[in-house]
Amino acid sequence: MAKVAIKKTSEIRAEYYRPNSFPTIWCPGCGIGNVVASMVRAIDTVGLKHDDTVVVTGIGCSGIIYNYLNFDAYHGIHGRAIPVAVGLKLANPRLNVIVPMGDGDSSAIGGNHLIHAARRNIDITAIVVNNSTYGNTGGQFSPLTPTGSITTTSPFGNIENSFDLCELAKGAGATYVARGATYYSRQMIDLIANGIRHKGFSLIEVISQCPVQYGRRNKLPTAVDLLKWQKENTVSVTRAKTMSPEELKGKFIIGELVNIEAPDQEYTARYERLIEKARSGGKS
Amino acid sequence: MPVKVCAVTIDQAVCKQCGICVAFCPKDVLVADKEGQVEVAYLEECSGCLMCELLCPELAINVDIAE
Ligand code: SF4
Ligand code: SF4
Ligand code: SF4
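Residues numbered from 1 in each chain as written. Chains lettered and ligands numbered in written order. Predicted model: local features only at pLDDT ≥ 70, side-chain atom pairs only at ≥ 80, totals over all residues. Heavy atoms only, no water.

Caption draft 1: The arrangement of the overall build of chain A in detail. A count of helical and extended segments in chain A gives 11 helices and 8 strands. The C-alpha atoms of chain A give 19 Å as radius of gyration, which agrees with the globular expectation for 284 residues (19 Å, within 12%). In terms of overall dimensions, chain A has C-alpha extents of about 65 × 45 × 35 Å along its principal axes. Counting every position in chain A, which comprises 284 residues, the buried fraction comes to 52%. A sequence separation of at least 24 residues applies to 67% of the contacts in chain A between residues at least 6 apart. Within the structure as shown, chain A displays about 12500 Å² of accessible surface, and the carbon and sulfur contribution to it stands at 54%. (Helix = DSSP H or I, 4+ residues; strand = E, 2+ residues; numbered from the N terminus. Rg over C-alpha atoms; globule rule 2.2 N^0.38 Å. Buried < 20%, exposed > 50% of the residue type's maximum accessible area, 1.4 Å probe, protein only. Contact = heavy atoms within 4.5 Å. Areas by Shrake-Rupley, 256 points an atom, 1.4 Å probe, with all protein chains shown as cover.)

Quick look at the structure:
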């Protein structure tokens, strides 16, 4: 992977964040701040222009991301960030549409939208901040909460199996799928940058920390505990290949999982061809 | 050639004292005082790895490395 050139944080703040963004509304140590910083650094690395970039968010703690950034943005309704993003992209395929969402927003309320956007392979970049809980509404379990976790709606331990969101996106037809973790910030920047560059539907899941609503209930009360947990429970794609299914149980594989280059199969490109065909009376 | 570091600056008005930078600095350059305020205690040890800068969720740290 290409080495990321690290721009000064003071420059990043001045260029991409609105004045008076800091301190943010997020709790001390919240990983959303990490994901946004990496997303912005990825945008900077790829060199996207402010005027050609739109950020669409949903609801929840991650829903507020748009508020801090110097981009045109749309704060969608719960679970509907992707439909808004798809609409924007179809109306103006020139736009770079980036959609940061929480785990609940993207996989429960908006799960259906996510799989169909992946199936259509439309060129938007979905970033899922996976902190294993609905932080904003009081720490309920989401479809990505690990089995056994204590949450306000699973006080004796979550009995549900969680989705592997990356596998789900892959199965649905996403052409770029990656998983990162907030602890591995340089890798996260790379993964998001490659997702933005990719022509087609990109999903980047980022394992993130919510110390207040999730960690506190699961013997990982601080951001530091949760980041240490990430170090112990993530394995790289390369290392995972050498491990048995038993060894991989409960571990999160991080890195690039799918990268299929087929720009002509992207949805707006297909749609463009359809328009041409209709204009020529269905002949071409 | 070892990296020469000029300064590690912490925006105290923004820092939420989450402790991430203190815990993960590989050189133990940063120290939190009793109130949790982060101080740059051992600047001479800093390797310029940028770990603290990249891990701060509030973008409160700037590491300036001399060219
Ligand atoms: S509740 Fe959790 S996700 Fe929400 S701001 Fe606080 S730490 Fe972050
Ligand atoms: S990581 Fe940032 S917010 Fe947290 S203690 Fe260090 S400077 Fe403060
Ligand atoms: S740049 Fe690296 S060595 Fe220097 S203070 Fe930050 S984390 Fe520590």
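Moving on from the model shown.
Caption draft 2: Broad picture of the interface of chain B and chain A. In this complex, chain B contributes 23 residues to the contact, which on the side of chain A involves 31 residues. Both sides of the chain B and chain A interface together cover about 2100 Å² of buried area, and 63% of this is carbon and sulfur. In this structure, Asp11 of chain B and Arg13 of chain A form a salt bridge, with 3.2 Å as the shortest nitrogen-oxygen distance. Run the count over chain B and chain A and you get 11 residue pairs in polar contact (both at pLDDT 80 or more). Counting only elements with at least two residues in the side of chain B that touches chain A, the list comes to α1 (20-24), α2 (51-55) and β4 (61-65) of chain B. Per element, the largest residue contribution to the side of chain B that touches chain A is 4 residues, and it comes from α2 of chain B. Counted by class, the side of chain B that touches chain A contains 16 nonpolar, 2 polar and 5 charged residues. (Buried area = accessible area lost by both parts, 1.4 Å probe. Salt bridge = Lys/Arg side-chain N within 4 Å of Asp/Glu carboxyl O. Polar contact = N/O pair within 3.5 Å; in protein donor to acceptor, adjacent residues only side chain to side chain. Nonpolar A, V, L, I, M, F, W, Y, C, P; charged D, E, K, R; others polar.)

Caption draft 3: Representation of empty space enclosed by the protein within the structure. Residue and element names in this part refer to chain B. Going through the model one piece at a time under the given rule, you end up with 4 cavities of 30 Å³ or more. Roughly 120 Å³ of internal volume is contained in the largest cavity. For the largest cavity, the lining is made up of 16 residues, of which Cys15, Lys16, Cys18, Cys21 and Cys56 are closest to its centre. The set of elements that each furnish at least two residues to the lining of the largest cavity consists of α1 and α2. (1 Å grid on protein atoms, 1.4 Å probe; cavity = no way out; pocket = protein on both sides within 12 Å on 5 of 7 lines; lining within 4 Å. Points joined across faces, edges and corners; volume = space filled by probe spheres on them.)

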